[in-house]
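Structural overview
Listed here are the chains, written in short residue letters.
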Amino acid sequence: MGAGACGGRPLAGAARYGLLALLLVVSAPLGLQAAEPGDGCGHFVTYQDSGTMTSKNYPGTYPNHTVCEKTISVPKGKRLILRLGDLDIESQTCASDYLLFTSSSHQYGPYCGSMTVPKELLLNTSEVTVRFESGSHISGRGFLLTYASSDHPDLITCLERANHYMKTEYSKFCPAGCRDIAGDISGNVVDGYRDTSLLCKAAIHAGIIADELGGQISVHQRKGLSRYEGILANGVLSRDGSLSDKRFLFTSNGCTRSLSLEPDRQIRASSSWQWVNETGDQVHWSPGQARLQDQGPSWASADSLKNHKQREWLEIDLGEKKKITGIRTAGSTQSNFNFYVKSFVMSFKNNNSKWRTYKGIVNNGEKVFQGNSNFRDPVRNNFIPPIVARYVRVVPQTWHQRIALKVELIGCQITQGNDSMVWRKTSSDTVGSTKGEAIPSEEIPKGINVTTVALPLALLALLVAGMGLFAALRKRKKKGSPYGSATAQKTDCWKQIKYPFARHQSAEFTISYDNEKEMTQKLDLITSDMAGS
């Protein structure tokens, strides 16, 4: 019986492979016509209580025979607000091209063609499935949708412009994900933005909100300018703009001034470039030349592009712990030296603590900032949440020809009320509330973390129990075979089971022991990281 069971495995395997091949042959023609849910989706960015979603190729023509299906949600207990910024579907009957919203108890739509579509839907649920389907068509942009929880009744879409509003002062909520939506902005955070600019995209450019989070914005309308100067900031390129009747500015937290630096005392680097010019003079691109406001060449690293064996860095000592909300960078600023840093990360620390890397909020990974695109024009990046530290380092990741930097830190002194080391979860009843994680900063914890103590004790108890079980099994094995009679063990089936099973049991104990050490090391790392927090 045992031999028969073992001998039957190859036949069963062959039957399974044959059936799989038959299914693939039968379903292949159907696969050419059926669209996978999601292949018609375009831009999609979501956070805890807001997000943005578009059809594929938006604002270009959406593709034929596609389906986009996504489930979006906000925290339980909240109602979901949907706002359609744009809907352009060719079909007039919604038979093959349509947009549909479905919850557990209601259906909204389908919507298509020239039918009247509500600009906003306030649903009696916290979750809805969005389905966009297309058949054969010639034109149509598809859709752009934003959503948020009922905490944000003043939600707007990524397509709203300042000239859509008549009030001189107003407040709106921008969803996550507006940075990469097509549409121009003109101006900058200092002089203001042309009133034809997209509001949420301008707010990201100004450093008022982060694209991955969204947030509340407060806008002030003012008399327009004859010309608007555009710059690159926070991954958004603002274009130069012409005369307009009105412009708008954002209300900020006031922590936006330049932090003064002493070049000889506060700035140092991993290396610096020295060379001899045609007249025999030695030229030194030292760290002291890294201040953005200073004329002349910048700091440059000693190594050439191909010889970097370790990370180069430029370090700034602010003298005391300060709140740093942004940084402006430039390249060499010299036309005959086309050097600049294209991307970088930030590290920071305080007295007697370890260096830590600034991380993103959503994915908690090392955040890489977009740097300069030429040797001349400054670029600004904001830190949301801010860095609270005394020492900071700019660590270049990619560069053009040679690492060269001029920098200016933006921020303010720490005062009572703005020195919070933790980005606390705000009340769910607060309009504009945002849930988040720890602010990048350094602070010694004031108490013992219960998890840090409990986890090692629990793991130790499991280890002792495992050792006891292992000892009992070995003792039992000495008294007799746990696998049956000697005759049974001579069959092929028992041979297949016995030895791998014995090895697996031993390996399992060894793995558990290694994991115990590994977990202890991880806990030590977490504990040391928290001690540096």
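Residues numbered from 1 in each chain as written. Predicted model: local features only at pLDDT ≥ 70, side-chain atom pairs only at ≥ 80, totals over all residues. Heavy atoms only, no water.

Below, the discussion takes up the overall build of the chain. Assigned secondary structure in the chain consists of seven helices and 29 strands. Intrachain contacts of the chain at a sequence separation of at least 6 include 74% that bridge at least 24 residues. Carbon and sulfur atoms make up 53% of the accessible area of the chain, which totals about 28,900 Å². (Helix = DSSP H or I, 4+ residues; strand = E, 2+ residues; numbered from the N terminus. Contact = heavy atoms within 4.5 Å. Areas by Shrake-Rupley, 256 points an atom, 1.4 Å probe, with all protein chains shown as cover.)

As a further point, take the pairing of strand β1 (residues 41-46). Across four bridges, β1 lies against strand β2 (residues 50-55) in antiparallel orientation. Within β2, the position partnered with F44 by the bridge is M53. Taking the residues that link successive antiparallel strands as the turn, the β1-β2 hairpin has three residues. (Pairing = 2+ DSSP bridges.)

This next bit is on the side chain of R291. Tracing the sequence through the fold places R291 in the loop between β22 (282-285) and β23 (299-300). Of note is the side chain of R291, whose polar atom sits 3.0 Å from the side chain of D294. Beyond its immediate chain neighbours, meaning those up to four positions away, R291 contacts L261, P263, I267, K406 and V407. (Polar contact = N/O pair within 3.5 Å; in protein donor to acceptor, adjacent residues only side chain to side chain.)

So, on to unusual backbone geometry. Cis geometry marks the peptide bond from Y58 to P59, where omega comes out at 5 degrees. Within the element layout of this structure, P59 appears in the loop between β2 and β3 (66-73). The amide bond that connects G109 to the next residue, P110, takes the cis arrangement and shows omega of 5 degrees. Take P110: it is sitting in strand β6 (residues 107-111). At N234, a residue that is not glycine, the phi angle is positive and equals roughly 55 degrees. By the secondary structure assignment, N234 is in the loop between β15 (232-233) and β16 (236-237). Positive phi, normally seen in glycine, also occurs at N352, with a value near 55 degrees. Residue placement: N352 occurs in the loop between β25 (340-349) and β26 (356-357). Overall, the relative accessible area of 83% leaves N352 in the exposed class. (Buried < 20%, exposed > 50% of the residue type's maximum accessible area, 1.4 Å probe, protein only.)

The strand order β10-β13-β18-β12-β11 describes an open sheet built from five strands, whose pairing is antiparallel. Edge positions in the sheet fall to β10 (169-174) and β11 (187-188), since each has one partner strand and no second. Bridging between β11 and strand β12 (residues 192-194) involves two bridges; their strand directions are antiparallel. Its bridge partner lying in β12, N188 is registered against G192. Contacting β10, β11, β12, β13 (215-223) and β18 (246-250), helix α3 (residues 199-206) crosses the sheet at an angle of about 50 degrees to β18. (Axes fitted to C-alpha atoms, helices over the stretch in contact; angles between N-to-C directions.)

Take α3 next. Counting buried positions along α3 gives eight out of eight residues, so the element sits mostly inside the fold. When α3 is considered as a whole, its buried residues turn out to be L199, C200, K201, A202, A203, I204, H205 and A206. Among the residues trailing α3, G207 stands out with phi positive, at a value near 80 degrees.

Any functional reading would require information that these geometric values do not contain.
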